[in-house]
Amino acid sequence: MEYFKLTLDWASIAVIPLILLLFLSIGYFKKVKVYEQFVEGAKEGFQIGVKIIPYLVAMLVAIAMFRASGALDILTYVLKPFTDFIGMPSEVLPMAMMRPLSGSGSLGVMTELMKTHGVDSLIGFISSTMFGSTETTFYVIAVYFGAVNIQKTRYALPAGLMADVAGLIAATLICTAIF
Amino acid sequence: MLNHIWFAMILLAILIAAGSDIYNELLAPQPTGISGQKAETRNLNEETKLGRVTSAALEGASTAVEIAIGLIGIMALWLGVMKVAEEAGIMKIIARIVRPITRWLFPKIPEDHPAIGAMIMNIAANMMGLSNAATPLGLKAMEELDTLNPNKGEATDDMCTFLVINTSAITLLPATAIAIRASLGSANPQMIIVPAVLAATCATIVGLTTVKIIQAFNRKKDVKYINTTNRKNRKD
């Protein structure tokens with residue numbers, strides 16, 4: 001496990017320099033004007049950044065208000081019978097609710113849970129696995145669709161949330177089984 | 001769909017906040033509110049739910065701009081590199097290698113379209129836990145997918161499939177979670193790697209099944225629309 005971790009750590013440090021080196025040298029030796037093409041591509045960066053602002057504002061404002069109102073506590077209460085049924089400790093439920101909504105929010109909840117209940121407790125194990133296995137769906141939807149000015153997202157959000165629910169339940173069941 | 005969910009979040013936030021303030025101020029057994037304390041000594045912005053909802057809304061708005069602005073530099077870097085890769089023909093090679101998978105996932109995209117290369121790079125970056133690189137590559141992929149979009153402003157099936165793969169991203173090294181576990185003194189911080197990969201795999205399978213079922217259902221309902229889309233795509 002030590003070596004595995006070490007390899008992964010090094011891989012994650014080396015991979016970006018390697019990709020840059022590989023892509024730029026292939027381009028260079030294929031006689032692509034690398035500097036000019038780089039600048040040409042990079043020009044779009046600003047427009048995309050500006051384009052996503054309205055989408056991100058809409059999404060983050062709604063999420064921030066929702067969190068501040070205490071609505072999550074009510075949802076937690078409503079969902080408790082179901083999570084009891086699959087054996088999820090009720091302390092973890094706020095983490096599961098927060099994960100698709102906010103990256104920094106769920107990071108806070110996870111850290112808090114591990115501090116109160118112990119890093120190596122079942123609760124700490126499940127919450128960090130949840131954090132490591134799912135993405136902030138609402139954020140991804142706002143940013144990705146915002147970049148191409150798409151307002152009608154059709155079934156992307158429900159499908160993404162289905163995937164989240166499956167991931168969160170799977171994290172609970174797997175962690176409980178091997179703990 | 002997002003219309004309903006977005007509106008519901010804001011409506012619920014305001015109703016719930018107002019409700020709990022009314023309860024706390026007027027109906028609670030031991031009122032901490034108006035009758036209990038003089039108004040000047042209280043900071044209503046922090047003490048009431050409605051006050052907190054207000055400041056959360058304002059903070060959320062400025063956080064959004066900060067995030068978007070912060071993204072510009074990394075975006076420019078990766079878009080530049082991707083442009084070079086495209087000119088050098090690297091994206092086509094990547095697309096060709098993964099063709100067996102992408103033919104099933106994205107049947108409507110022409111086989112060596114640049115969208116495929118960008119999506120694969122994004123998924124690979126996500127797997128390696130390089131979230132800084134993943135977002136710019138993903139946005140590049142969305143731009144390429146949008147060139148195939150006959151109805152601008154509306155998501156295509158391929159975009160939805162890509163989004164679902166992205167939101168259930170499988171990460172081989174959940175670096176943030178491991179780092180926090182380590183900093184809190186865990187005996188085995190990397191213990192979560194295997195369960196996290198398994199859970200994310202479940203999420204991806206369920207997500208993909210969901211979009212594929214929805215897409216199959218839509219196709220039956222609206223054959224003509226899909227056919228015209230196909231023809232338009234090929235011309236591009």
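This structure is a prediction, so every number in the text was calculated from the model and none was measured.

## A closer look at the overall build of chain B
Part 1 of the argument: Assigned secondary structure in chain B consists of 11 helices and zero strands.
Part 2 of the argument: Along chain B, helices and strands appear, N-terminal first, in the series α-α-α-α-α-α-α-α-α-α-α.
Part 3 of the argument: Classification of the 236 residues of chain B by burial places 48% in the buried group.

## Thoughts on the nonpolar core
Part 1 of the argument: Core analysis: the biggest nonpolar cluster contains 115 residues, and Met 130 and Phe 145 of chain A together with Met 142 of chain B have the highest contact counts within it.
Part 2 of the argument: Considering every element that reaches this core, the biggest residue donor is helix 3 (residues 49-87) of chain B, with 12 residues.
Part 3 of the argument: When near neighbours in sequence (up to four residues on either side) are disregarded, Phe 145 of chain A contacts Val 140, Ile 150, Thr 153 and Ala 156 of chain A together with Met 142, Ala 155, Met 159 and Leu 163 of chain B.

## Examining a nonpolar patch on the surface
All names here are of chain A.
Part 1 of the argument: Residues Ile 74, Leu 75, Tyr 77, Val 78 and Leu 79 make up a contiguous nonpolar surface patch of roughly 480 Å² in combined accessible area.
Part 2 of the argument: Relative to the elements of secondary structure, Tyr 77 occurs in helix 5 (residues 71-85).
Part 3 of the argument: On the basis of relative accessibility, which here comes to 67%, the residue Tyr 77 falls in the exposed class.

## Some words on the side chain of Thr 161 of chain B
All names here are of chain B.
Part 1 of the argument: Assignment of secondary structure puts Thr 161 in helix 8 (residues 157-167).
Part 2 of the argument: You can call Thr 161 buried: its relative accessible area is 0%.
Part 3 of the argument: Among residues more than four places away in sequence, those in contact with Thr 161 are Leu 105, Phe 106, Leu 208, Val 211 and Gln 215.

## Some remarks on the domain arrangement of chain B
Residues and elements named next belong to chain B.
Part 1 of the argument: Domain annotation of chain B identifies domain 1 (1-88) and domain 2 (89-236).
Part 2 of the argument: Taken residue by residue, the interface counts 10 residues in domain 1 and 14 residues in domain 2.
Part 3 of the argument: Summing both partners gives a buried area of about 1,100 Å² for domain 1 against domain 2, and 80% of it is carried by carbon and sulfur.
Part 4 of the argument: A per-residue breakdown of the area domain 1 buries against domain 2 is headed by Trp 78, Met 82 and Glu 86, which together make up 49% of the total.
Part 5 of the argument: Scanning the region where domain 1 abuts domain 2 turns up one salt bridge.
Part 6 of the argument: Salt-bridge contacts for Lys 140 lead to Glu 86; the nearest nitrogen and oxygen are separated by 3.5 Å.
Part 7 of the argument: Here domain 1 is connected to domain 2 by six residue pairs in polar contact (both at pLDDT 80 or more).
Part 8 of the argument: Classifying every residue of the side of domain 1 that touches domain 2 by side-chain character gives eight nonpolar, no polar and two charged.

## Some points on the layout of surface pockets
It is a probe the size of a water molecule, rolled over the atoms, that shows where empty space is left.
Part 1 of the argument: Estimated volume of the largest pocket: approximately 1,200 Å³.
Part 2 of the argument: Contributions of two or more residues to the lining of the largest pocket are made by helix 4 (53-68), helix 7 (103-117), helix 8 (122-133) and helix 9 (137-147) of chain A together with helix 3, helix 6 (114-127), helix 7 (131-147) and helix 9 (175-183) of chain B.
Part 3 of the argument: The biggest single contributor to the lining of the largest pocket is helix 3 of chain B, with eight residues.
Part 4 of the argument: Residues of the lining of the largest pocket, tallied by class, amount to 22 nonpolar, 19 polar and four charged.

## Side note on the interface of chain B and chain A
Part 1 of the argument: Contacts between the two partners involve 99 residues from chain B, matched on the other side by 96 residues from chain A.
Part 2 of the argument: At the boundary of chain B and chain A, one finds two salt bridges.
Part 3 of the argument: Salt-bridge contacts for Arg 181 of chain B lead to Asp 120 of chain A; the nearest nitrogen and oxygen are separated by 3.5 Å.
Part 4 of the argument: The tally of links from chain B across to chain A stands at 15 residue pairs in polar contact (both at pLDDT 80 or more).
Part 5 of the argument: Looking at the side of chain B that touches chain A, the elements that each hand over two or more residues are helix 1 (2-27), helix 3, helix 4 (90-97), helix 6, helix 7, helix 8, helix 9 and helix 10 (193-221) of chain B.
Part 6 of the argument: Per-element accounting of the side of chain B that touches chain A gives the leading share, 26 residues, to helix 3 of chain B.
Part 7 of the argument: Its residues assigned to classes, the side of chain B that touches chain A comprises 68 nonpolar, 22 polar and nine charged.

## Remarks on the domain arrangement of chain A
Part 1 of the argument: Under the domain assignment used here, chain A contains domain 1 (1-42) and domain 2 (46-178).
Part 2 of the argument: Centre-to-centre, using C-alpha coordinates, domain 1 of chain A lies 32 Å away from domain 2 of chain A.

## A word on the environment of Lys 51 of chain A
Part 1 of the argument: Note on placement: Lys 51 of chain A falls in helix 3 (residues 44-51).
Part 2 of the argument: By relative accessible area, Lys 51 of chain A is classed as partly exposed at 29%.
Part 3 of the argument: Sequence separation of Lys 51 of chain A and Ala 147 of chain A is 96 residues, and the distance between their C-alpha atoms is 5.8 Å.
Part 4 of the argument: For Lys 51 of chain A, the contacting residues outside a window of four places in its chain are Gly 146, Ala 147 and Asn 149 of chain A together with Glu 143 of chain B.
Part 5 of the argument: Engagement of the side chain of Lys 51 of chain A in a polar contact is seen with the backbone oxygen of Ala 147 of chain A, the distance being 3.2 Å.

## As for the environment of Phe 85 of chain A
All names here are of chain A.
Part 1 of the argument: Looking at the secondary structure, you find Phe 85 in helix 5.
Part 2 of the argument: The class of Phe 85 is exposed, set by a relative accessible area of 71%.
Part 3 of the argument: Phe 85 sits 16 residues away from Ser 69 along the chain, and the two C-alpha atoms are 27 Å apart.

## Topic: the packing of helix 4 of chain A against helix 9 of chain A
Residue and element names in this part refer to chain A.
Part 1 of the argument: For the pair helix 4 and helix 9, the least separation of the axes is 8 Å and the interaxial angle reads 165°. In terms of axis orientation, helix 4 runs roughly antiparallel to helix 9. When the axes of helix 4 and helix 9 are compared, the crossing they make is right-handed. Counted together, Tyr 55, Leu 56, Met 59 and Ile 63 of helix 4 and Phe 138, Tyr 139, Ala 142, Val 143 and Gly 146 of helix 9 form the full contact between these two elements.
Part 2 of the argument: Residues belonging to the contact of helix 4 with helix 9 are distributed by class as follows: eight nonpolar, one polar and no charged.

Basis of the calculations
Residues numbered from 1 in each chain as written. Chains lettered and ligands numbered in written order. Predicted model: local features only at pLDDT ≥ 70, side-chain atom pairs only at ≥ 80, totals over all residues. Heavy atoms only, no water. Helix = DSSP H or I, 4+ residues; strand = E, 2+ residues; numbered from the N terminus. Buried < 20%, exposed > 50% of the residue type's maximum accessible area, 1.4 Å probe, protein only. Core = buried A, V, L, I, M, F, W, Y, C linked by side-chain atoms within 4.5 Å. Contact = heavy atoms within 4.5 Å. Patch = residues over 30% accessible without salt bridge, like charges linked within 9 Å, V, L, I, M, F, W, Y side chains within 5 Å. Areas by Shrake-Rupley, 256 points an atom, 1.4 Å probe, with all protein chains shown as cover. Salt bridge = Lys/Arg side-chain N within 4 Å of Asp/Glu carboxyl O. Domains from an automatic or database assignment. Buried area = accessible area lost by both parts, 1.4 Å probe. Polar contact = N/O pair within 3.5 Å; in protein donor to acceptor, adjacent residues only side chain to side chain. Nonpolar A, V, L, I, M, F, W, Y, C, P; charged D, E, K, R; others polar. 1 Å grid on protein atoms, 1.4 Å probe; cavity = no way out; pocket = protein on both sides within 12 Å on 5 of 7 lines; lining within 4 Å. Points joined across faces, edges and corners; volume = space filled by probe spheres on them. Axes fitted to C-alpha atoms, helices over the stretch in contact; angles between N-to-C directions. Parallel < 35°, antiparallel > 145°, perpendicular 65-115°, else oblique. Left-handed = near helix turned anticlockwise from the far one by under 90°.

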